[in-house]
Amino acid sequence: MRCAELEPLIEAIADGTIEPSPEDSAHLSSCPTCSARLAEARRIEQWLAAREVPQPAPAFTAAVMARIGDEKWQTERVVDIGFNVFIAAGVLVFIAFGAGLAWSLGFLTVTLDSEELLRAVFSEVEGRVISQLQTTAIAAVVLTMALALWWWAEEAAD
Ligand SMILES: [Zn+2]
């Protein structure tokens, strides 16, 4: 009866968390089972206390924080580069559309011909070129924004 009551307390008595009551002490000194349990618990307690707790190197935290800062900075740099690449791609698309349109309409080749011919061709295609350039510019801007937005959303989701 007394042994069963005392058993859950043995560990706490061994590590000094609780003081045994006078009755507990009397039982512990007279009962071989309980005194053996207490001795074993104290032995384990001492072994645990004697064990060396590994300490991190003094600079460990600083090194980890510096590393995290580095990686964050590199991620931000990658984000910046990616953004610039997308903007540059959009601009290139716009230029390519414009140049392609001008080329297909003969706008670029006639610059090599006489000014009169240029003027004639220009006046003929001017309205069409301007309206199509506007359409192309809007398309290029929308495409660039869509790409940038999509890319940004991808980044934000990570
Ligand atoms: Zn006992």
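Starting from 1, residues in each chain are numbered consecutively following that chain's sequence as written. Totals for whole chains, interfaces and linings use all residues, but because this is a predicted model, local features are given only for residues with pLDDT of at least 70 and pairs of side-chain atoms are given and counted only at 80 or more. Water and hydrogen atoms play no part in the side-chain values, which are based on all heavy atoms of the structure.

S.K.: Describe in detail the overall build of the protein chain, supporting the description with residues and values.
M.R.: Secondary structure summary: the protein chain contains six helices and zero strands in total. For the protein chain, the α and β elements follow one another from N to C terminus as α-α-α-α-α-α. When we talk radius of gyration, it's over C-alpha atoms, and the globule rule is simply 2.2 Å times the number of residues to the 0.38. Radius of gyration (C-alpha) of the protein chain: 41 Å, far over the 15 Å computed for a compact globule of 158 residues. With the C-alpha coordinates aligned to their principal axes, the bounding extent of the protein chain is approximately 125 × 35 × 20 Å. Partitioning the intrachain contacts of the protein chain with sequence separation of at least 6 by distance along the chain shows that 61% fall at a separation of at least 24. Of the roughly 12,100 Å² of accessible surface on the protein chain, 65% is carried by carbon and sulfur atoms. Here a strand is any run of E in DSSP of at least two residues, a helix any run of H or I of at least four, and the numbering for each starts at the N terminus. A contact between two residues is defined here by any heavy atoms of the two lying within 4.5 Å. Values of accessible area rely on a 1.4 Å probe in the Shrake-Rupley scheme; residue burial ignores everything except the protein chains shown.

S.K.: Account for the coordination of the zinc ion, with residues named and values stated.
M.R.: Within the protein, the zinc ion binds to C3 (SG), H27 (NE2), C31 (SG) and C34 (SG); these donor distances fall in the range 1.9 to 2.3 Å. In this structure, the zinc ion is coordinated by four donor atoms arranged in tetrahedral fashion, with angles at the metal of 100 to 114°. Burial here depends on accessible area, computed with a 1.4 Å probe over protein chains only, as a share of the maximum for the residue type. Under 20% is buried, over 50% is exposed, and the range in between is partly exposed. Residue classification places C3 among the partly exposed residues on the basis of a relative accessible area of 24%. For H27, a relative accessible area of 14% gives the class buried. For Na, K and Ca the donor cutoff is 3.2 Å, while for all other metals N, O and S atoms count as donors only within 2.8 Å; water does not appear among the atoms, so some sites may look incomplete. Geometry assignment treats four donors as tetrahedral when all angles are between 85 and 135 degrees, treats four as square planar and six as octahedral when opposite donors are over 155 degrees apart and all others between 65 and 115, and treats everything else as irregular.

S.K.: A description of the nonpolar core should follow, citing residues and the corresponding values.
M.R.: Counting residues in hydrophobic clusters, the biggest one holds nine residues: L6, I10, I13, A14, L28, C31, C34, L38 and A41. Mapped onto this core, the elements with two or more residues apiece are α2 (10-14) and α4 (32-50). Here, the term nonpolar core denotes a set of buried Ala, Val, Leu, Ile, Met, Phe, Trp, Tyr and Cys residues that are joined through side-chain atoms within 4.5 Å.

S.K.: Outline the environment of R37, listing residues and values.
M.R.: Of note, R37 is situated in helix α4. The sequence separation of R37 and E11 amounts to 26 residues, and the corresponding C-alpha distance is 8.8 Å. Leaving out residues up to four positions away in the same chain, R37 has contacts with C3, E7 and I10.

S.K.: Talk me through the packing of aromatic side chains; I want residue IDs and the actual numbers.
M.R.: To describe a pair of aromatic rings, you give the distance between the ring centres and the angle between the ring planes. Two aromatic rings from Phe, Tyr or Trp, using only the six-membered ring of Trp, form a pair when their centres are within 6.5 Å; if the ring planes differ by under 30 degrees the pair is stacked, by over 60 it is edge-to-face, and anything between is tilted. Tallied over the full model, the rule gives three aromatic pairs. Residues F86 and W150 carry aromatic rings whose centres are separated by 6.5 Å and whose planes lie at 75° to one another, so their mutual orientation is edge-to-face. Pair noted here: F86 is in helix α5 (residues 60-104) and W150 is in helix α6 (residues 115-157), with a separation of 64 residues, a long-range link. An angle of 45° between the planes, with centres 6.1 Å apart, marks the rings of F86 and W151 as tilted. With F86 in helix α5 and W151 in helix α6, this residue pair connects regions lying 65 residues apart in the sequence. Put simply, the rings of F83, F86, W150 and W151 pair up and form one aromatic cluster.

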